[in-house]
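What follows is each chain in one-letter form.
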Amino acid sequence: ASSLTMLYLSRLPTVLQQSMQVAQAYVSKSALEDAARTVSMSRLSISYAAGMIVGSTLSGRIAEAFGMRTNAAIAVTLSVAMIVLNKVALRPVDIAKKDDDAAAKKAATHAEEPASFSSYVGLAFGLRKALAFLACLFAARTIFEPVNNLTLVEHYKLSKTDMGNLTSTMATVAMLANVALLPLLLKVVSQATLTRALVVVVAGAYIAMGTMPRTDDVRPYVAILGLQAISSAILYTTCTTYAVSTVAPSKHGRVVAMSHALRSAVGIVCPLAATWVLQQYGSEVVALSNAGILAVAATIM
């Protein structure tokens with residue numbers, strides 16, 4: 001961009017940047033069984049995370065060598081190439097009516113729709129529960145992120161380079177764990193049991209990171225942070241799968257879009273609340289608040 005105004009205006013087309021939502025909707029329609037859908041979602045996550053890691057690593061070097069506009073030109077070229085590749089390689093997803101009916105019956109048994117008319121017009125009871133659960137997860141995560149970054153920078157004195165390396169490492173570990181561990185865990189326990197167990201693990205990690213003694217050694221904190229990152233990555237996959245399983249396949253795209261919109265809405269409010277609580281009461285209260293939010297999530301499931 002040639003000016004700050006043009007830089008802001010250049011963000012307007014990102015309203016059409018919904019490829020992740022479309023990919024999740026496509027995957028959820030292609031795999032009708034819950035277990036297969038969950039594994040497919042985890043594989044989609046690894047492709048997305050891999051792109052983020054590689055792109056973030058290369059973008060800085062390309063910008064230093066050739067300038068920021070070269071990055072923009074490469075991004076446009078790759079985007080156009082992906083449109084062509086998707087058009088050629090992806091088959092249309094043809095969901096038969098009997099599959100819709102079967103999924104709708106399954107959603108109805110999941111939901112146990114109450115007799116009173118819901119304030120969430122047109123949504124199954126099970127979907128409302130899933131969205132409320134996701135809202136709690138998103139709230140806890142977005143509250144945690146600024147507090148975590150502040151702790152790493154101000155107390156443990158991590159540099160910008162260290163923060164970048166740590167973020168990339170955590171993303172890589174969580175990505176690999178999501179793909180490698182999730183199928184194995186689903187062979188041992190049901191998806192519902194796994195989800196509840198992960199909620200407990202993540203809540204415990206939040207409490208530990210908020211209340212542990214602050215020493216100069218960052219390794220214990222990073223170890224718990226890694227556990228939280230892995231558990232949260234798997235938890236998000238299982239919860240997204242649960243949400244789409246509450247409705248018929250023809251409505252999967254709608255549910256995925258709603259979950260992303262919910263995540264964005266929560267991401268606007270919660271960091272502001274987290275900053276205020278941190279300033280007023282400290283990181284310990286923020287950590288306990290996160291654990292309380294996840295306790296509410298556990299009761300919803």
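Residues numbered from 1 in each chain as written. Predicted model: local features only at pLDDT ≥ 70, side-chain atom pairs only at ≥ 80, totals over all residues. Heavy atoms only, no water.

Q: Help me understand the overall build of the protein chain, please; the structure alone is not making it clear to me.
A: The secondary structure content of the protein chain amounts to eleven helices and zero strands. When the helices and strands of the protein chain are listed from N to C terminus, the series reads α-α-α-α-α-α-α-α-α-α-α. Looking at the protein chain as a whole, 37% of its 301 residues qualify as buried. For the protein chain, long-range pairs separated by at least 24 residues make up 79% of all intrachain contacts whose partners lie at least 6 apart in sequence. Taken as a whole, the protein chain presents about 17,100 Å² of accessible surface, with 67% of it coming from carbon and sulfur. (Helix = DSSP H or I, 4+ residues; strand = E, 2+ residues; numbered from the N terminus. Buried < 20%, exposed > 50% of the residue type's maximum accessible area, 1.4 Å probe, protein only. Contact = heavy atoms within 4.5 Å. Areas by Shrake-Rupley, 256 points an atom, 1.4 Å probe, with all protein chains shown as cover.)

Q: Can you help me understand empty space enclosed by the protein in this one?
A: Sizing a probe to match a water molecule and rolling it over the atoms shows the empty space that remains. Under the defined criterion, the tally for this structure stands at one cavity of 30 Å³ or more. Each pocket or cavity is described by its volume, and for the largest cavity that value is around 80 Å³. Every residue lining the largest cavity is counted, 13 residues in all, and those nearest its centre are Phe144, Val147, Met209, Gly210 and Ala287. Those elements giving two or more residues to the lining of the largest cavity turn out to be helix 6 (125-155), helix 8 (191-211) and helix 11 (283-300). Classifying every residue of the lining of the largest cavity gives seven nonpolar, five polar and one charged. (1 Å grid on protein atoms, 1.4 Å probe; cavity = no way out; pocket = protein on both sides within 12 Å on 5 of 7 lines; lining within 4 Å. Points joined across faces, edges and corners; volume = space filled by probe spheres on them. Nonpolar A, V, L, I, M, F, W, Y, C, P; charged D, E, K, R; others polar.)

Q: Teacher, can you tell me more about the side chain of Thr151 here?
A: As for its placement among the helices and strands, Thr151 is situated in helix 6. Not counting the four nearest positions on each side in its chain, Thr151 is found in contact with Tyr156, Arg214 and Tyr221.

Q: What's the story with helix 10 (residues 252-281) in this structure? I'm lost.
A: In an α-helix, one full turn covers 3.6 residues, which means residues spaced three or four apart are oriented alike. When the terminal C-alpha atoms of helix 10 are compared, their 41 Å separation across 30 residues agrees well with the 44 Å that a helix rising 1.5 Å per residue should span. If you look at helix 10, its biggest bend is around 30°, right at Gly267, and the proline Pro271 turns up within four residues after that. (Expected span 1.5 Å × (residues − 1). Bend = angle between axes of the 7 residues up to and from the residue.)

Q: I'm lost on the confidence of the model for the protein chain in this one. Help?
A: When the pLDDT values of the protein chain are averaged, the result is 77; 81% of them are 70 or greater. The least confident element of the protein chain is helix 5 (residues 97-111), whose mean pLDDT is 48; the most confident is helix 8, at 88. When the criterion is pLDDT under 50, residues 95-99 qualifies, and its contacts beyond four places in sequence or with other chains add up to six contacts. The low-confidence segment residues 107-122, where pLDDT is below 50, has 20 contacts with residues more than four positions distant or belonging to other chains. (pLDDT = per-residue confidence, 0-100.)

Q: Please clarify how a nonpolar patch on the surface should be interpreted in this entry.
A: Together, Val76, Val80, Val84 and Val88 line one region of the surface with nonpolar side chains, adding up to about 370 Å² of accessible area. Position of Val80 relative to the elements: it lies in helix 4 (residues 68-89). Classification of Val80 by relative accessible area gives partly exposed; the value is 46%. (Patch = residues over 30% accessible without salt bridge, like charges linked within 9 Å, V, L, I, M, F, W, Y side chains within 5 Å. Salt bridge = Lys/Arg side-chain N within 4 Å of Asp/Glu carboxyl O.)

Q: What should I look at first to understand the pattern of salt bridges in this one?
A: Two side chains with opposite charge may pair up if their charged atoms get near one another. Counting across every chain of the model gives two salt bridges. The salt bridge involving Arg219 is made with Asp217; its shortest N-O contact spans 3.0 Å. Looking at Arg219, the relative accessible area reads 62%, which means it is exposed.

Q: What is the right way to look at the environment of Leu294 in this model?
A: Tracing the chain through its elements places Leu294 in helix 11. Exposure remark for Leu294: the relative accessible area of 2% places this residue in the buried category. Considered as a pair, Leu294 and Gly204 are 90 residues apart in the sequence and their alpha carbons are 9.8 Å apart.

Q: Looking at this structure, I do not really get unusual backbone geometry. What am I missing?
A: Trans peptide bonds make up most of the peptide bonds, and negative phi angles are found at most residues other than glycine. With a phi angle near 60°, Lys157 is a residue other than glycine that sits in the positive phi range. One can find Lys157 in the loop between helix 6 and helix 7 (160-188). According to the relative accessible area criterion, Lys157 is exposed, its value standing at 63%.

Q: Explanation requested: the environment of Ile53 in the structure shown.
A: One can find Ile53 in helix 3 (residues 34-66). Put simply, Ile53 and Thr167 are 114 residues apart on the chain and 9.6 Å apart in space, counted from C-alpha to C-alpha. Not counting residues within four places of it along the chain, the set of residues in contact with Ile53 comprises Ser168, Ala171, Thr172 and Met175.

Q: How should I be thinking about the packing of aromatic side chains in this particular structure?
A: In this description, an aromatic ring pair is defined by two values, namely the gap between the centres and the angle between the planes. Here the structure, examined in full by the defined rule, presents four aromatic pairs. Both rings, one in Phe144 and one in Tyr206, keep their centres 5.0 Å apart while their planes meet at 45°; by these two values the pair is tilted. Of this pair, Phe144 sits in helix 6 while Tyr206 sits in helix 8; the two residues are 62 residues apart in sequence, bridging distant segments of the chain. A single burial state applies to Phe144 and to Tyr206, both of which are buried. Ring geometry for Tyr156 against Tyr221: centres 5.4 Å apart, planes inclined by 45°, an arrangement best described as tilted. (Phe/Tyr/Trp six-rings, centres within 6.5 Å; stacked < 30°, edge-to-face > 60°.)

Q: Explain the nonpolar core here, please?
A: General note: in soluble globular proteins, nonpolar side chains tend to be found buried as a group. Formed by 54 residues in total, the largest nonpolar core has its most connected members in Leu152, Tyr206, Met209, Tyr221, Leu235 and Leu294. Secondary-structure elements contributing two or more residues to this core are helix 6, helix 7, helix 8, helix 9 (219-245), helix 10 and helix 11. When residues in this core are grouped by element, the largest group, 14 residues, is from helix 6. Those residues within four positions of Leu152 in sequence are excluded, and the remaining contacts are Lys157, Leu158, Met163, Leu166, Val218 and Tyr221. (Core = buried A, V, L, I, M, F, W, Y, C linked by side-chain atoms within 4.5 Å.)

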